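One-letter residues, chain by chain:
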Amino acid sequence: QVQLGESGGGLVQAGGSLRLSCTASGSILSINAMGWYRQTPGNQRELVATITSGDITRYADSMEGRFTISRDNAKNTVYLQLNSLQPEDTAVYYCNANVRDRRFGVTRGYWGQGTQVTVSS
């Protein structure tokens, strides 16, 4: 079994910053792409950013330049640095990882439980 644990969300004023972390644990053989998505009530989950095991990154157009994704492969951890936050960035942020399971050798995607980011005006 594989678990993703997120941390770093919270309440911040407009213009502020937060750093989200997500660590994968459990029966892990390897991790391919990792990423962050966000969701607001009544809306679909949307891409924020992804990063491959070779550190190739991709961002949603509206977030590139303000947000930075990175990862530490030795720690099975992905980070999301959020800068210049605006009230419209308020959402639950979810971590996603494409993991090859050590026990069965099966590759599939896993989701974290989500962390709330609230930006006040």
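Everything quoted here is computed from the prediction, not taken from an experiment.

Reading the values: the criteria
Residues numbered from 1 in each chain as written. Predicted model: local features only at pLDDT ≥ 70, side-chain atom pairs only at ≥ 80, totals over all residues. Heavy atoms only, no water. Helix = DSSP H or I, 4+ residues; strand = E, 2+ residues; numbered from the N terminus. Buried < 20%, exposed > 50% of the residue type's maximum accessible area, 1.4 Å probe, protein only. Contact = heavy atoms within 4.5 Å. Pairing = 2+ DSSP bridges. Axes fitted to C-alpha atoms, helices over the stretch in contact; angles between N-to-C directions. Salt bridge = Lys/Arg side-chain N within 4 Å of Asp/Glu carboxyl O. Disulfide = S-S within 2.5 Å.

A. Structural view of the side chain of Asp-89. Structurally, the position occupied by Asp-89 is in the loop between strand S8 (77–82) and strand S9 (91–101). In this structure Asp-89 comes out as buried when scored by relative accessible area, which is 1%. Ignoring sequence-local partners within four residues, the contact set of Asp-89 consists of Arg-38, Arg-66, Phe-67, Ser-84, Val-117 and Val-119.

B. Local environment of the sheet that holds S8. Pairing is antiparallel across the open sheet formed by 4 strands, whose spatial order is S1-S3-S8-S7. Only two strands of the sheet have a single partner each, and these edge strands are strand S1 (2–7) and strand S7 (67–72). For this sheet, the mean angle separating the axes of adjacent strands, direction not counted, is 15°. In this structure, S1 lies alongside strand S3 (residues 18–26), joined through 6 bridges in antiparallel fashion.

C. Main features of the pattern of salt bridges. Within the structure shown, the criterion is met by 3 salt bridges. Asp-89 is the partner of Arg-38 in a salt bridge, and the nearest nitrogen-oxygen pair spans 3.0 Å. Of the two residues, Arg-38 sits in strand S4 (residues 28–39) while Asp-89 sits in the loop between S8 and S9, which places them 51 residues apart along the sequence. Here the two residues Arg-38 and Asp-89 agree in accessibility, since each one is buried. Across the salt bridge formed by Asp-89 and Arg-66, the nearest N and O atoms sit 2.8 Å from each other. Of this pair, Asp-89 sits in the loop between S8 and S9 while Arg-66 sits in the loop between strand S6 (57–59) and S7; the two residues are 23 residues apart in sequence, bridging distant segments of the chain. A relative accessible area of 21% means that Arg-66 is categorised as partly exposed.

D. Up close: the environment of Gly-15. Among the structural elements, Gly-15 can be located in the loop between strand S2 (10–13) and S3. The class for Gly-15 is partly exposed, based on a relative accessible area of 49%. Beyond its immediate sequence surroundings of up to four residues, Gly-15 is in contact with Ser-84, Leu-85 and Gln-86.

E. View of the state of the cysteines. One pass over the full model with this rule turns up 1 disulfide. In this model Cys-22 forms its disulfide with Cys-95; the gap between the sulfur atoms is 2.1 Å. The chirality of the disulfide connecting Cys-22 with Cys-95 is left-handed, given an S-S dihedral of about -75°. With Cys-22 in strand S3 and Cys-95 in strand S9, this pair connects stretches of sequence that are 73 residues apart.

F. Focus on the environment of Ile-51. For Ile-51, the location among the structural elements is in strand S5 (residues 46–51). With 43 residues separating them in the primary sequence, Ile-51 and Gly-8 have C-alpha atoms 19 Å apart.

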